[in-house]
Amino acid sequence: MSQFKRPGEARSSGDIDTEIDLALFGALGDLAQRKLFPALFHLEREGLLAPDTRLLGLARQELDVDAFRSRIEKALKTYVKAEELDREALARFLARLDFLPLDFTKPEGYAAIREWRQEAARPMVVYLSVAAKIYGDICRHLEASGSLDDESRVVVEKPIGYDLASSAEINDAIGAVFPESRIYRIDHYLGKETVQNLIALRFANPLFGTQWNQNHISHVEITVAEKVGIEGRWGYFDDAGQLRDMVQNHLLQLVCLIAMDPPANLDADAIRDEKVKVLKALKPFTDDMLGRDVVRGQYIAGTIDGRSVPGYLEEEGANRASHTETFVAMKTGVANWRWAGVPFYLRTGKRMPEKLSQIVIHFRQQPHYIFDPDQRELAANKLVIRLQPEEGIALEVLTKDSGLDKGMRLRRGPLHLDFSSAFPKTRIPDAYERLLLEVMKGQQYLFVRRDEVEHAWRWCDSLIAAWEDDEVPRRYPAGSWGPVASIAMITQDGRSWYEDY
Ligand code: BG6
């Protein structure tokens, strides 16, 4: 007799087109527990999981279904807010779960996945929340065991590879089994509410449409700062470093969404074609730019929120001679008509004083200035797009300072759209909820196409190659905004990092 439950007899009414079987490899891993199961649970709670959708957890450990369900229940109790953990939804959700212990790299055992499918008519989504080096093995074994069909989709997590060559190898292995139209490469930043809003902001508002170019924008700043350090991931992180972990994917995706030309429509390929053009136009690094326009840092012990934290080399499992960077700041640009001469300043680091992701668009000053000379620096608009912690958009405008004694003194103030207070009833979904839903619907516009990944690597590779002989990264104390050199990098252009956090 089959070890698996049969799907519910009652079929969905047909108006939900998201019915799938989800096979989640790495179901007991950190990402699955922290993000994927909570996201799936929220979809359940919102009524967005189709009645017959089933979820199969796969991991090496020998667990039975009940023990697996208890593990997931425990994870949900840890990572979902108590007031959102409604009991009926929880019971419904747990009842969808099956579990299969499996050694992913060996073909034996995969037949059980085919058996679990029971020739179900709904598509199967395979989610690989495992190390990228075994993506190819898993895809091959799934195919050889007859578990896949013409509708099966695969979802893969970053990092895809270590450089262009290794990423091409992994993409080839996945591509030998799945066509590009059924490969969903996750960059979870693309699922964030404000990141999606960038598309609406830029292409639905004529105000910005006409201003979005080098005639009106002087420079662009992107900061992605995290308070956390390495969080027990030293082994992975030390091979990657902040450039591969954050810049190659998340920051470059933000650059693409800021810099791309308007797509002809919202189709996945129309958007991705425009993003690829930006990646191809990114200025490659030359030797003379390295010392001046790029700063690598590594945190040493310091204090965050009044608590002492160890340095990177003192973290658990650390190789004390490591030169891996935990911070990168760089000045780059997009060499095309729209952006010629507009610097893009990027910085990202671990163990910074705040968790902060924001994009600041600095507009140019008026051609002729008529107010107090000592306020001249104020006189430009800034558009601040905040991804986290509080999602929102603020446009800094100048008005007259009020009061009889102020004359025509200027005052800077925000026109502010704070999503949580402007739309208080709307819960802002986690990026993974949106991304999982899009996979279920079979829509790819929030996922990264192979050529995007590869162009991003090509650009990073030019930097990585130059770093190979580099010495020690610059030190910065945990709880600071990075090495002093990253401030000098921008002040040498007469500018400063936006500091209204
Ligand atoms: C991941 C990186 O992709 O993004 C992590 O591997 C990082 O190192 C995380 O902490 C940051 O994501 P978020 O959504 O918290 O900004």
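Notes on the structure in this doc start here. (Residues numbered from 1 in each chain as written. Predicted model: local features only at pLDDT ≥ 70, side-chain atom pairs only at ≥ 80, totals over all residues. Heavy atoms only, no water.)

## Remarks on the packing of aromatic side chains
Stated formally: We call Phe, Tyr and Trp rings a pair once their centres come within 6.5 Å, taking the six-membered ring for Trp, and we label the pair stacked below 30 degrees between planes, edge-to-face above 60, and tilted otherwise. Helix and strand labels come from DSSP, where a helix needs a run of H or I of at least four residues and a strand needs a run of E of at least two; each type is numbered from the N terminus. Note on classification: 1.4 Å probe, protein chains only; a residue is buried when its accessible area is under 20% of the maximum for its type, exposed when over 50%, partly exposed between these limits. Either the NZ atom of lysine or the CZ atom of arginine qualifies as a charge over a ring when it sits within 6 Å of the ring centre and within 35 degrees of the ring normal.
On inspection of all chains with the given rule, the structure shows 16 aromatic pairs. Residues Tyr 299 and Tyr 476 carry aromatic rings whose centres are separated by 6.3 Å and whose planes lie at 65 degrees to one another, so their mutual orientation is edge-to-face. Pair noted here: Tyr 299 is in strand β8 (residues 294-300) and Tyr 476 is in strand β17 (residues 474-477), with a separation of 177 residues, a long-range link. On the basis of relative accessibility, which here comes to 0%, the residue Tyr 476 falls in the buried class. Grouped by ring-pair contacts, the aromatic residues Trp 234, Phe 237, Tyr 299, Tyr 312, Phe 327 and Tyr 476 constitute a single cluster. Above the face of the Tyr 189 ring, Lys 192 is positioned so that its terminal group lies 4.6 Å from the ring centre.

## A closer look at the site of the ligand
Threshold: We define proximity as follows: a residue is near a molecule or strand when any one of its heavy atoms falls within 4 Å of that partner. By the criterion applied in these results, polar contacts are pairs of N or O atoms within 3.5 Å in which, for protein atoms, one can donate a hydrogen and the other can accept it, and in which residues neighboring in sequence qualify only through two side-chain atoms. Accessible surface is estimated by sampling points in the Shrake-Rupley manner with a 1.4 Å probe; for residues, cover comes only from the protein chains shown. The residue classification treats Ala, Val, Leu, Ile, Met, Phe, Trp, Tyr, Cys and Pro as nonpolar and Asp, Glu, Lys and Arg as charged. All others, Gly included, are polar.
In the vicinity of the ligand, the contacting residues are Lys 158, His 188, Tyr 189, Lys 192, Glu 226, Arg 233, Asp 245, Met 246, His 250, Lys 350, Lys 355 and Gln 388. Side-chain polar atom of Asp 245 to an oxygen atom of the ligand: 2.6 Å apart, as the coordinates give it. Summarising the interface, the protein chains cover 80% of the accessible area of the ligand, which totals 400 Å² for the free molecule. It is helix α9 (residues 234-259) that provides the largest number of residues to the shell around the ligand, a total of three residues. Taken together, the residues of the shell around the ligand sort by class into two nonpolar, three polar and seven charged.

## Considerations on the pairing of strand β12 (residues 344-349)
Note the following rule: What makes two strands pair is DSSP finding at least two bridges between them.
Among the six residues that make up β12, six are buried, leaving the element largely enclosed by the rest of the structure. The alternating pattern of β12 places Phe 344, Leu 346 and Thr 348 and Tyr 345, Arg 347 and Gly 349 on opposite faces, both of which are buried. With six bridges connecting them, strand β7 (residues 217-225) and β12 associate as parallel partners. When the bridges of β12 are listed, Val 220 appears paired with Phe 344. Summarising the sheet, strand β11 (residues 327-332) and β12 pair through six bridges and their orientation is antiparallel. The residue of β12 that forms the bridge with Phe 327 is Gly 349.

## Focus on unusual backbone geometry
Across the junction of Lys 158 and Pro 159, the peptide omega takes the value -5 degrees, indicating a cis bond. Checked against the element boundaries, Pro 159 lands in the loop between β5 (153-156) and α6 (164-175). Note the cis peptide between Gln 388 and Pro 389, where omega equals 10 degrees. Residue position: Pro 389 is located in the loop between β14 (382-388) and β15 (392-400). The residue Glu 231 is not glycine, and still its phi comes out positive at about 50 degrees. Examined against the element boundaries, Glu 231 turns out to sit in the loop between β7 and α9. A positive phi is found at Asp 305, a non-glycine position, where the angle reads about 50 degrees. Turning to its location among the elements, Asp 305 is positioned in the loop between β9 (302-304) and β10 (307-309). Using a relative accessible area of 62% as the deciding quantity, one classes Asp 305 as exposed.

Purely geometric stuff here, so don't read any function into it on its own.
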